[in-house]
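A look at the structure
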Amino acid sequence: MTQEITRTEHSALDRQFTVLLSPTRRGARLARLLATAHLGDWGLPTEPATQIVAELAVNAAFHGRVPGRDFRLRITAHRDVLLRIEVTDTLGERLPPAPGAVEPPPGDAESGRGLLIVEALADRWGVEVGPVPRKTVWAEIDLTYANRSENLLDHSLG
């Protein structure tokens, strides 16, 4: 059984949640569930953030997997204006394509669309290498825009 370590920090300006998860389907699913719970607790919109978490966690569990090494999920809300999602794995020598260079898979492929989804949903995303042997794939969402879009949707439905 993999030991999971969680840490939640609350301050007036920033809120942060960090957890280590096993690089498995269960770990990827748990990443999404924990993100949903923490964003809801913080009073922040859960979508599209939880979809981004799901895609990055699946990539870490399957493409960044090193047996016996967990991946880390970190979610940080900066002043409720910016949400940063980071997923760190320990296979730093295997890098994903750069933002803007992600190619769609063949039409009949059953996988290979995760970073395209991240690119479509995030305002920015990228990859940071190090410290060895790690890499971090991150995505940012501008919350002022997300909140404005959510409020417009609520008003149009009501």
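Residues numbered from 1 in each chain as written. Predicted model: local features only at pLDDT ≥ 70, side-chain atom pairs only at ≥ 80, totals over all residues. Heavy atoms only, no water.

The predicted model of the protein averages 86 in pLDDT, with 84% of residues at 70 or higher. Long-range and interchain partners of residues 151-156, a stretch whose pLDDT sits below 50, account for 0 contacts in this model, where long-range means more than four residues apart. (pLDDT = per-residue confidence, 0-100. Contact = heavy atoms within 4.5 Å.)

Bringing the nonpolar core into the picture now. Among the nonpolar cores identified, the biggest contains 33 residues, and Ile52, Leu56, Leu73, Ile75, Leu83 and Ile85 are the most heavily contacted of them. Elements supplying a minimum of two residues to this core: strand E2 (14-21), helix H1 (25-41), helix H2 (49-62), strand E3 (71-78), strand E4 (82-89), helix H3 (114-121) and strand E6 (135-142). Here leucine 56 is in contact with Ile85, Val87, Leu115, Val118 and Val137, once residues within four sequence places are set aside. (Core = buried A, V, L, I, M, F, W, Y, C linked by side-chain atoms within 4.5 Å. Buried < 20%, exposed > 50% of the residue type's maximum accessible area, 1.4 Å probe, protein only. Helix = DSSP H or I, 4+ residues; strand = E, 2+ residues; numbered from the N terminus.)

The subject of this paragraph is H2. With 14 residues, H2 should cover 20 Å at 1.5 Å per step; its first-to-last C-alpha distance of 20 Å lies within 8% of that length. Residues of H2 that are buried include every one of Ala49, Thr50, Ile52, Val53, Ala54, Glu55, Leu56, Ala57, Ala60 and Ala61, and no others. (Expected span 1.5 Å × (residues − 1).)

Looking now at the environment of glutamate 55. Among the structural elements, glutamate 55 can be located in helix H2. Distance in space between the C-alpha atoms of glutamate 55 and valine 118 is 7.0 Å, their sequence separation being 63 residues. Not counting the four nearest positions on each side in its chain, glutamate 55 is found in contact with Gly114, Ile117 and Val118.

Each pocket or cavity is described by its volume, and for the largest pocket that value is around 520 Å³. Around the largest pocket, the lining comprises 25 residues; the ones closest to its centre are Asn59, His63, Gly112, Gly114 and Leu115. Sorting the residues of the lining of the largest pocket by element identifies H2, E4, H3 and E6 as the ones contributing at least two each. Per-element tally for the lining of the largest pocket: the top contributor is H2, with 6 residues. Here the lining of the largest pocket is built from residues that sort into 12 nonpolar, 6 polar and 7 charged. (1 Å grid on protein atoms, 1.4 Å probe; cavity = no way out; pocket = protein on both sides within 12 Å on 5 of 7 lines; lining within 4 Å. Points joined across faces, edges and corners; volume = space filled by probe spheres on them. Nonpolar A, V, L, I, M, F, W, Y, C, P; charged D, E, K, R; others polar.)

For the structure shown, the criterion picks out 9 salt bridges. Note that glutamate 140 and arginine 84 form a salt bridge whose closest N and O atoms lie 2.8 Å from each other. Of this pair, glutamate 140 sits in strand E6 while arginine 84 sits in strand E4, and the two are 56 residues apart along the sequence. The same class applies to glutamate 140 as to arginine 84, namely buried. The partner of glutamate 140 in a salt bridge is arginine 124, and the shortest N-O contact between them spans 2.8 Å. (Salt bridge = Lys/Arg side-chain N within 4 Å of Asp/Glu carboxyl O.)

Within the secondary structure, leucine 73 sits in strand E3. Along the sequence, leucine 73 and leucine 20 sit 53 residues apart, while their C-alpha atoms lie 6.4 Å from each other. Contact partners of leucine 73, with chain neighbours within four places excluded, come to Phe17, Thr18, Val19, Ala31, Val53, Ile85, Glu86 and Val87.

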